[in-house]
Structure formats: C-alpha cells, structure tokens
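So you can see what is in the structure, the chains are spelled out below.
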Amino acid sequence: MRDRVARRAARLLRPGWVVNLGIGIPTLMARHLDPDAIHLQSENGLLGVGPPPSAAEADPNLIDASKRLVTRRRGSSFFDSATSFAMLRGGHVDAAVLGALQVDERGRVANWAVPGEPVLGVGGAMDILAGVRTVIIAMTHVTGEGAPKLVPRCTLPITSVRPADWLVTELATFRHGGSGLRLVEIDEGSSLAEVRARTAAAFEVDPEAGLREEGLP
Amino acid sequence: MRDRVARRAARLLRPGWVVNLGIGIPTLMARHLDPDAIHLQSENGLLGVGPPPSAAEADPNLIDASKRLVTRRRGSSFFDSATSFAMLRGGHVDAAVLGALQVDERGRVANWAVPGEPVLGVGGAMDILAGVRTVIIAMTHVTGEGAPKLVPRCTLPITSVRPADWLVTELATFRHGGSGLRLVEIDEGSSLAEVRARTAAAFEVDPEAGLREEGLP
Amino acid sequence: MSGKLLTPEEAIRRTLFDGARVMVGGFGLVGCPLTVVRALNESPVKDLTVISNNLPDPGVYLGRTLLLGKVRHAIGTYFTTNPDVGRAHVAGQLEVTLLPQGTFSEAIRAGGAGLGGFYTPTGVGTLLAEGKEVREIDGRSYLLERPLTADVALVRARRADALGNLVYEKTARNFNPIMATAARTVVAEVDEVVETGALDPEQIVTPHLFVDHLVIARERL
Amino acid sequence: MSGKLLTPEEAIRRTLFDGARVMVGGFGLVGCPLTVVRALNESPVKDLTVISNNLPDPGVYLGRTLLLGKVRHAIGTYFTTNPDVGRAHVAGQLEVTLLPQGTFSEAIRAGGAGLGGFYTPTGVGTLLAEGKEVREIDGRSYLLERPLTADVALVRARRADALGNLVYEKTARNFNPIMATAARTVVAEVDEVVETGALDPEQIVTPHLFVDHLVIARERL
C-alpha cells in the first residue's frame, strides 16, 4: 500500500527536476524514478543521491537525511548545511515529497509534532515547505486506527502556512489550488464513495478524476 | 616618505596574524613583512597573497583587491566574496591597514567620499572597519596642500563609527584607546613640536613617545 | 554534449529582456563573463538594472554597455574607476545604488537563500545608512539590508560538466558563485564543458541546480 | 609538524570550561568529532550548552555527554532519535531549544559572519514562531532569527594542512564548515595533517584563519 502511494507520487515528478525526498513513504519512491532524469537532493549535503550501496560499496560517511547509507550518482556534489538549506529555502529545488500526519482543506500540512508530547524534533520540513517550488505530500489516507488524515483544519501543529501542492494517498490524488482541495485521480481499486467515506476534509471532484489512473494533466 | 609610513605600520603586526592591506600606502607594506609569519587576506577572495609575479608567472585571474597582479603563497585558498566578507565582518581577520583622508579625536576614519562630488565608490572599507580586530590607519600626516589630516572631528564623511586602533604617519604613531588619541612614538627625524604643529586634533603624549623609534610597547 | 549549452547570442536572446535586472560577475574584468557581455552589447536589450561590483572597464564590456545607453540603474560597490559612470550619473542618465562590498555580497547571498533581509553592523552612522532601519541588538547597532535578486545572472567559471556543475579559477571566483544562486535564470560562461562525472564532487563550488545555460568563452583576459 | 596540533585531551583542557557554549559538528554521528567528544566526556567540564543538530547516539558520544550530566542546554533540530533527551527534558534536567534545520544552519553562518540577525520565511505561523518577531516584507511574512555563536567549536574534517586549512569527507561535511566560523576557538579533528601546500587552494573549504587547533582522530565511523 505504501509502495502504491510512492509509485503514484513518483508520476508527478518531471524529467530534469531536482527533488528532495522526506522520511517515510517518500523514501520508497527512489526505485520508481529514472535516475538520469531526476536528481535527488538530500538536505544533509548531497545533490545526486544514488541507490543503497552493496556491502562492498558502503561508506559510513555517505548517508542521506534519513541516515541511511547511500551511494552517489555521477555529477553529484557535496556541500555544507547552510548551502543545502539555501537551495531548499531559496526555491532552487523543484519538488519535495514529504510524509504527513494530517493535511487540511487549506492544504496545510502537519508532520512534525504531536500534542501532549514534548516537541524535540523538527528537522528540515519547515524549510522545505517554506521554499521548495512544488510540495507533494505522500501518505496513507487514514491513520493506523482508521481516522481520516485529510481533515477540515489540522488539529496537530502545522509545519508551515504554505500549502502543499499535491496530496497522494493509496486511494487518490488531490491537487491543492487557490480554491481548496480538488480530487484529480482515484485509484483503480477504489471509488469516489470510498474516498468520500474516508476523508473528513471537503474537496471538489474533477470530472475526469475516475479516468486518470495513468497520467495526470 | 610613504615607504617610511609603511615600514612603521608593518612593525605593529604580530607573527601569525591574518592581515588585510588596503589601497595606497598599505600596499607598500608587503615588502616589510615576513611572508611566513603574516598571512595576507585580499577581500576579492584570496588568503595567502604573495609578491608581484615575474612576467612568466603573471596570471590575469590572480589579482588582489587593488587589481594588481599577485602570486599566491603555499597554503593559500580561494573563496567567494560573501565568504571573504564573512571573514572580515565576522572578526576572523586579525588586522587591517587602511589609508585615510582624515582621522579624528574619536578615532573615526574618513576614507571613501569627498563632499561635493558624487559618491560612486565605497568598496570594502566599511566592512573592514566594522569587523576586523585591529585597524591600523597608515597615511601621510598632512594633505598635499599641508592641511592636517588628524582633525578634531572629521569634516569628510566617515567610513564607520568604529574607531581605528592605531594611526601611523611619517611623523608619528598614535594609539586610539577609550580616552582618545595618544601619541606613542615620534619619528627620529621629527619632534613633538613638529607633530603638534601639523596636527589639528588634541592628543595625549606618552612619556616615552620620543624613545620608541624601535619597537612599540 | 550538454543540454544546457547555448551560443552567447542565444543565451542573451533567450534570457534577457528590456527592463531586466541582471547580475554580472567579476571584480573589475577578472571573473567577468566577457563573451556573454559582448553578446549583450550586440543585442537590442535596454533599460537594464545591472548588479555588478563595478561597470568595467571604461569603454569596453560593461563600460560599453553603459555607453550604449543600455543601463538605467547600476547597483554595486565601486564605480570610481570608470569615469563614464560619474558622467552618466551627473547627466541624470544613470541611477547609482552604492553598497558596501560586504553588504552587497551578503545581499546577493540572502537573495539566493530565500531570506527577507539581514542586520549588518557595516555602514551604521555613515552616509550609506540614510533611509535604512537602524536596530540595536545586544548593545550593538545594525542596519537592516534587503536581499538582491535578479532576472538573469551572467557568471564566469573555469569549467562546467555537462549537468552544469561549476568550478572557478583563482580570484575570478569572487561574486560569481553567489550571483549564480540569486537569479531566476543563470548563464555561466566557461572555458570548457567536461563530461558528467569528471569533476570531483568535493570540489564543485556551484552545484548544477543553480545553472540553466552554459556558454563557451570566445575570449579571455 | 603543525603548530596547531594537540592531543584530544589537551585540546579539551585548553579550550573548554564549565558553562561553555560548544558547537559540535555532525548529522547524527556522521561528521561528529568522535575522538574529541570522547575526550570531552572524560574531562571534568560541565554545565555545557551544546549546539549540535542532535545529541548522537543514545548512550555514546554526545549521548553519553548528556547521560554524564554535562549538558545543561541543547540547541539543535532533531533530538527525537535519542530518547534520553526526552527523558532529561521531562525531568527538568535539560533545556532544549529547537530550530528548523535551515534556520539553525543559517543562524550559525550568521554568527560566523558578524550579522545581528536575519529574516526567514521558515516557521512563520507555527509553534516555533512563538515569541519571535514576525515582519512583513514585500507581502511575505518572515521571522527574525538571531545568530548562534559559541565559545568553542568541535568539528570533524577529513584532512588538514599544517596551517589548519581543511577539506571534508562526503556528507560528513554538513554543519562543520559553518561551525568552524562561529566560535571563538575552533578544534578540528582530522584523519591526517599534510604539509602546507599539499591541498589544492581551489578545494579548501575552511581556510586556516578559522582553525585554532588540530587533533588526529583515534577512532572513525
């Protein structure tokens, strides 16, 4: 199911883009991307992230922002953290794919803090939402307990006032434009009725949403 | 005379220091410095400026901030202008030696603009005064017309509110501390009477000023 | 060889337009993209705002851009060495904005880094503080300075790879790496384009995501 | 060989003191100066403010510094992966200041660059904006963030020359080059010290004027 989300989100990326992949479902996307067409940026200081290494290739000083061992692609470069976030915040990265705990009708994302627990980690998500050109949220449609994650207003602390542009789940894909959430694609194994039943947020429905399993407008 | 100022100013530098030399008299100092003891920083992006090149060595892409061809020392490094000024403004450069049009009793320096003419150049002097740890002014004691350059209050636009620490001329060396200018050295060819006659600013006199041609406290 | 490679004329035609804000690298002519600036001079674009340390040199390159009447506004740090700048300014033909060189550099970096402004101690209490907010922070005074951005940056590097990664040449680096971050479209003039993978990833100064077009230099200092 | 070379124990003894603010490089343990942090743990210093992305890892290195009760205040971006941080915080033994990672990085750079603060769009409208000035600039909202500086920075590089110029190793670079600019005294742990002149001047990331002491690594990842 998570891989299905990853595959659908991967289809939103355009050849030539520089893309930052967050922790969680987004890390599953790499295998669905053409490595010559998509350049992966990792905020710990690498442009040109490659696949996981073989045992022989593994280098403890070559990791991604999820702290997993990686390799590097030809044409990659290393840089310090201030430069890396200058790229992200400054609008030089074409897209980021992030996980989320909630997304609301305004497109706002909550993915860093849970009320009642001390907030001890934020990482780079706030900077990514502040600056990356296209933000895609890739998440399961409901929580482990079956509660909708697409809600009218986030009840968890938001990560940014900047809305996400796309929201991809195992059931559907939504576009967030100026006027709110719009359902643009329904998974072939799902239905508009199911999407409605498992979504607490209001959304418009694109007339062609049911026809778009392959290829988005 | 200008070389005499340069020589005296050079004696204020300490082994191991990183030093920025401004345009004018300061550029004459390099020949009086031990190149293994003093590291010259040039704000156009070089730490480890070496002497002028031979005709065979000359490289048009290797210049100092006065746009003169230079060489580089062993252990030198190149960096961009933002990094260079981060060094200067951030207090990482031990000393700078700058020329000046006027210096006043508060130690304030005027070295970039002349009233009545459009102000079309400022360069790096304001950043250097804002951030370099020890600022040494090296200048002729009076103007070409014989007017004092050490004045009660600068009549030319100041470069910074931060006072210079030392002022060196062909006649004398002054230290600027919290309480104003203090004459600490008189050139052996000059006298306290001459220094007084050619100085419009008030200054204290160190009792040992006349004895200090060789080596300052 | 590289999908980013253009002729200088194409690069100017595709990126510049009347009224554009354009950053040009170089400390004097060192690090100035000579070939691209010449193409700019031969193009019809006008009413430019040029963000460059100087307008070098009198009568040639950016100095010629000025004499051709293409520059409406110059933003930089040191125009004293080109007397044509003073003449055009006095004649009311050229607006000049002067910034301390560290502030100029930092403003370009801030523009590229998506910041709204920064507080610098440089310039407090001087003529260049006029009209700027002064703020006391922990007992020291600072000026609020705004970021600089541009429609196009014309930069000079030593070498690119086919992806557009750049390395520079000695003190010709100067403003080029920061300008490459601060414009919507970036044209880099280089001596050569090597194949992807030929540059050491530890040594790349400007990663390829900042670079849109490459131009091979036809002339050098 | 290099006048800057010290043993890890000497480096800690000469630079750290009770109540010091200390920056420590690394993204997790990658780029963390393991040898120097171990010497810190064996020294009597306490009441430290540690400025580091995390306190890695549970029970070892900076995680051990925490368990030894030496850390009064941690400033960083992501402490979630070390449950001891949460425990010490809940027990009132550890003050935690959380910053977005880009703000954290930029604040360190600003500290090293002599700036008084900067405006960033990151964090506006979130819990991390609490108590911070919000300012509208050209129609967009920004938070005012303050620079971070320290008494001592402990950084990790791949290699130094005898003067103290540094080059880094892959993603172990991370926060190290900016921390090397933002502390009064900088200790760099390296695998080796080569002779002055052996590093390519185009490739040096941290020029020697930022580095006070060198320590040879006794342990690596």
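Residues numbered from 1 in each chain as written. Chains lettered and ligands numbered in written order. Predicted model: local features only at pLDDT ≥ 70, side-chain atom pairs only at ≥ 80, totals over all residues. Heavy atoms only, no water.

What follows concerns the overall build of chain C. Helix and strand counts for chain C come out as six helices and 13 strands. Taken over C-alpha atoms, the radius of gyration comes to 17 Å for chain C, in line with the 17 Å a tight globule of 221 residues would show. With the C-alpha coordinates aligned to their principal axes, the bounding extent of chain C is approximately 55 × 40 × 25 Å. Looking at chain C residue by residue over its 221 residues, the buried ones come to 67%. For chain C, contacts bridging at least 24 residues in sequence account for 73% of all contacts bridging at least 6. If you sum the accessible surface of chain C, you get close to 7,400 Å²; carbon and sulfur atoms cover 47% of it. Charge-centre separation for chain C: the mean point of 23 positive side chains lies 3 Å from the mean point of 25 negative side chains. (Helix = DSSP H or I, 4+ residues; strand = E, 2+ residues; numbered from the N terminus. Rg over C-alpha atoms; globule rule 2.2 N^0.38 Å. Buried < 20%, exposed > 50% of the residue type's maximum accessible area, 1.4 Å probe, protein only. Contact = heavy atoms within 4.5 Å. Areas by Shrake-Rupley, 256 points an atom, 1.4 Å probe, with all protein chains shown as cover. Lys, Arg positive; Asp, Glu negative; His and termini not counted. Charge placed at Lys NZ, Arg CZ, Asp CG, Glu CD.)

Opposite the 17 residues of chain B that make contact, chain D presents 19 residues. At the junction of chain B with chain D, the criterion picks out zero salt bridges. Seen at the junction of chain B and chain D, the total is six residue pairs in polar contact (both at pLDDT 80 or more). Contributions of two or more residues to the side of chain B that touches chain D are made by strand 4 (71–78) and helix 2 (81–89) of chain B. At six residues, the largest contribution of residues to the side of chain B that touches chain D is made by strand 4 of chain B. In terms of residue class, the side of chain B that touches chain D is built from eight nonpolar, six polar and three charged. (Salt bridge = Lys/Arg side-chain N within 4 Å of Asp/Glu carboxyl O. Polar contact = N/O pair within 3.5 Å; in protein donor to acceptor, adjacent residues only side chain to side chain. Nonpolar A, V, L, I, M, F, W, Y, C, P; charged D, E, K, R; others polar.)

Judged by pairing direction, the sheet is mixed, and its 10 strands sit side by side in the order 4-3-2-1-5-8-10-11-12-13 (chain A) without closing on themselves. In the strand order of this sheet, the two ends are held by strand 4 (71–78) and strand 13 (204–205) of chain A, each with one partner. (Pairing = 2+ DSSP bridges.)

Bringing the interface of chain A and chain D into the picture now. In this assembly, 35 residues from chain A lie in contact with 44 residues from chain D. In this assembly, chain A and chain D are joined by two salt bridges. The closest approach of N and O atoms between R89 of chain A and E106 of chain D, which form a salt bridge, is 3.3 Å. Counting across the chain A and chain D interface gives 16 residue pairs in polar contact (both at pLDDT 80 or more). Among the secondary structure elements, those contributing two or more residues to the side of chain A that touches chain D are helix 2 (81–89) and helix 3 (125–131) of chain A. With four residues, helix 2 of chain A is the single largest residue contributor to the side of chain A that touches chain D. Here the side of chain A that touches chain D is built from residues that sort into 19 nonpolar, nine polar and seven charged.

In this section: the nonpolar core. Residues I137 of chain A, I137 of chain B, L166 of chain C together with L166 of chain D are the most contacted members of the largest nonpolar core, which totals 142 residues. Here L166 of chain C is in contact with V155, A157, R159, A160, A188, V190, I204, V205, T206, V211 and L214 of chain C, once residues within four sequence places are set aside. (Core = buried A, V, L, I, M, F, W, Y, C linked by side-chain atoms within 4.5 Å.)

Right, let's get into the sheet that holds strand 8 (residues 134–138) of chain B. An order of 4-3-2-1-5-8-10-11-12-13 (chain B) is seen for the 10 strands of this open sheet, with the pairing classed as mixed. At either end of the open sheet lies a strand with only one pairing partner, and these are strand 4 and strand 13 (204–205) of chain B.

Now for the confidence of the model for chain A. In the predicted model, chain A carries a mean pLDDT of 94, and 97% of its residues have values of at least 70. With pLDDT under 50 throughout, residues 213–217 of chain A is counted as low confidence; its partners more than four residues away or in other chains account for 15 contacts. (pLDDT = per-residue confidence, 0-100.)

Moving on to the pattern of salt bridges. Residues and elements named next belong to chain D. In the structure shown here, the tally under the stated rule is 68 salt bridges over all chains. Measuring nitrogen to oxygen at the nearest pair gives 2.9 Å for the salt bridge that ties E9 to R218. Linking E9 in helix 1 (residues 8–15) with R218 in the segment after strand 13 (213–216), this pair joins segments that are 209 residues apart in sequence. Residue classification places R218 among the exposed positions, given a relative accessible area of 56%.

Residues and elements named next belong to chain D. Sheet analysis places strand 5 (residues 117–120) next to strand 7 (residues 140–145), joined by three bridges and oriented antiparallel. Note that in strand 7 the partner of T120 across the bridge is L143. Pairing of strand 6 (residues 134–137) with strand 7 involves four bridges; the strand directions are antiparallel. Within strand 7, the position partnered with E136 by the bridge is S141. Connecting the antiparallel pair strand 6 and strand 7 is a turn made up of two residues, with D138 showing a positive phi of about 50°.

Moving on, we come to the packing of helix 1 (residues 8–15) of chain C against helix 2 (residues 34–42) of chain C. Residue and element names in this part refer to chain C. Where helix 1 contacts helix 2, the axes come no closer than 9 Å and their chain directions differ by 60°. Relative to helix 2, the element helix 1 lies oblique. Remark: the crossing between helix 1 and helix 2 carries right-handed chirality. In this structure, helix 1 contributes P8, E9 and I12 to the contact, and helix 2 contributes T35, V36, A39 and L40. Partitioning the contact of helix 1 with helix 2 into residue classes produces five nonpolar, one polar and one charged. (Axes fitted to C-alpha atoms, helices over the stretch in contact; angles between N-to-C directions. Parallel < 35°, antiparallel > 145°, perpendicular 65-115°, else oblique. Left-handed = near helix turned anticlockwise from the far one by under 90°.)

All names here are of chain A. Tracing the backbone shows L167 in strand 10 (residues 166–168). Between the C-alpha atoms of L167 and L150, which are 17 residues apart in sequence, the distance is 9.4 Å. Every residue in contact with L167, bar those within four places of it in the chain, is listed here: V103, I137, M139, L150, A172, T173 and F174.

Across the junction of P56 of chain C and D57 of chain C, the peptide omega takes the value -25°, indicating a cis bond. Note that D57 of chain C resides in the loop between strand 2 (48–51) and helix 3 (62–67). For K67 of chain B, which is not glycine, the phi torsion reads 65° and is therefore positive. Locating K67 of chain B in the fold gives a position in the loop between strand 3 (46–50) and strand 4. For K67 of chain B, a relative accessible area of 34% puts it in the partly exposed group.

Moving on: the environment of H213 of chain D. Residue and element names in this part refer to chain D. For H213, the location among the structural elements is in strand 13. H213 gets classed as buried once you look at its relative accessible area, which sits at 15%. For the pair formed by H213 and L154, sequence separation is 59 residues and the distance between their alpha carbons is 9.7 Å. Each residue touching H213, except ones within four places of it in the same chain, is listed here: K4, L6, R14, T15, T185, V186, V187 and A188.

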